[in-house]
Amino acid sequence: MTLLLRINSSSRQTGSHSTAIADHFEDCFRNKHPDCRVLSRHVADGSIPIISQKTIEGFYTPDAAMTADLREATSLSDSLIEELQQADTLLITAPIYNFSVPAALKAWIDQVVRMGHTFAYEDGAFKGLARTRRAVVVCAYGAEGYLDGEAFSAANFVQPYLQFLLSFLGITDIRFISVQGTTADADTVAVNVEAAKKECQLAA
Ligand SMILES: Cc1cc2nc3c(=O)[nH]c(=O)nc-3n(C[C@H](O)[C@H](O)[C@H](O)COP(=O)(O)O)c2cc1C
């Protein structure tokens, strides 16, 4: 069965454009893969804490030396990584917050990017260990001009960061669906959201 893992990172429980576009992507995906399972996480709900000293210690402790404390401190990471490793497609929503990804998404990233689990360092080089091959990232920008070749692209630390990070993990098929100008007037927003939704069909 195909698994779609959905990581939602908008803090908005209502009115989120990235969530609405990802909802549409999910519908398209379900149509294309009728037997699929969808696992959805809302990382802005506070369920993923900022990575702690104990968790970091656990990440770098050999299995034979792990204590009960360290196992407890790395158990959330274990389960988030397990979810990622089972997913065939990863769907991330990433609104731009102060030119970067939301802190809640970064908290999830800090739990799943883990030496020996999702990446390795071998013979002087990094190697991605993610089994997921596909990622679709829905980005929402309040302003406009952030995309490649546009006036404000140097201020976009969302797309280049996530492109690099997902490749680093070994994910080879990465697609971005962007909606810009979400703080513009209602007509502009409607046109921009519709254009992003059209891309979902192809990407699903
Ligand atoms: C804390 C915060 C920081 C933001 N920073 C930016 C920013 O740096 N650039 C920008 O264009 N929009 C910024 N915005 C606007 C959001 O990116 C925009 O409203 C987007 O649609 C939010 O995603 P959502 O609709 O999925 O909730 C910010 C919004 C918030 C709440």
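The rules behind each value
- Residues numbered from 1 in each chain as written.
- Predicted model: local features only at pLDDT ≥ 70, side-chain atom pairs only at ≥ 80, totals over all residues.
- Heavy atoms only, no water.
- Axes fitted to C-alpha atoms, helices over the stretch in contact; angles between N-to-C directions.
- Helix = DSSP H or I, 4+ residues; strand = E, 2+ residues; numbered from the N terminus.
- Parallel < 35°, antiparallel > 145°, perpendicular 65-115°, else oblique.
- Left-handed = near helix turned anticlockwise from the far one by under 90°.
- Contact = heavy atoms within 4.5 Å.
- Nonpolar A, V, L, I, M, F, W, Y, C, P; charged D, E, K, R; others polar.
- Near = heavy atom within 4 Å.
- Polar contact = N/O pair within 3.5 Å; in protein donor to acceptor, adjacent residues only side chain to side chain.
- Areas by Shrake-Rupley, 256 points an atom, 1.4 Å probe, with all protein chains shown as cover.
- Expected span 1.5 Å × (residues − 1).
- Buried < 20%, exposed > 50% of the residue type's maximum accessible area, 1.4 Å probe, protein only.

### What about the packing of helix H1 (residues 17-32) against helix H7 (residues 186-203)?
Point 1. For the pair H1 and H7, interaxial distance at closest approach is 9 Å and the crossing angle is 30°. Put simply, H1 runs roughly parallel to H7. Considering the relative orientation of H1 and H7, their crossing is right-handed. For the pair H1 and H7, the contacting residues are His17, Ala20, Ile21, His24, Phe25, Cys28 and Lys32 in the first and Val189, Val193, Ala196, Lys197, Cys200, Gln201, Leu202 and Ala203 in the second.
Point 2. In terms of residue class, the contact of H1 with H7 is made up of 10 nonpolar, 3 polar and 2 charged.

### Topic: the environment of valine 112
Point 1. Note on placement: valine 112 falls in helix H5 (residues 103-112).
Point 2. Along the sequence, valine 112 and isoleucine 81 sit 31 residues apart, while their C-alpha atoms lie 5.3 Å from each other.
Point 3. Ignoring anything within four residues of it in the chain, the contact list for valine 112 reads Leu80, Ile81, Leu84 and Thr118.

### A short note on the site of the ligand
Point 1. Lining the immediate surroundings of the ligand are 15 residues, of which Arg12, Ser16, Ser18, Ile96 and Thr182 lie closest.
Point 2. Arginine 12 places a side-chain nitrogen or oxygen 2.7 Å from an oxygen atom of the ligand.
Point 3. One of the side-chain nitrogen or oxygen atoms of tyrosine 146 is found 2.8 Å away from a nitrogen atom of the ligand.
Point 4. Expressed as a share of its isolated accessible area of 630 Å², the protein-covered part of the ligand is 76%.
Point 5. Taken together, the residues of the shell around the ligand break down into 7 nonpolar, 7 polar and 1 charged.

### A closer look at the environment of isoleucine 51
Point 1. Tracing the backbone through its elements, the reader meets isoleucine 51 in the loop between strand E2 (37-42) and helix H2 (53-59).
Point 2. Sequence separation of isoleucine 51 and threonine 183 is 132 residues, and the distance between their C-alpha atoms is 32 Å.
Point 3. Apart from residues lying up to four places away in sequence, isoleucine 51 is in contact with Ile56, Phe59, Asp110 and Gln111.

### So, helix H4 (residues 75-86)
Point 1. When the terminal C-alpha atoms of H4 are compared, their 17 Å separation across 12 residues agrees well with the 16 Å that a helix rising 1.5 Å per residue should span.
Point 2. Turning to H4, its buried residues number three or more, namely Ser77, Leu80, Ile81, Glu83, Leu84 and Gln85.
Point 3. Considering only its buried residues, H4 is in contact with strand E1 (3-8), E2, H2, strand E3 (89-95) and H5.

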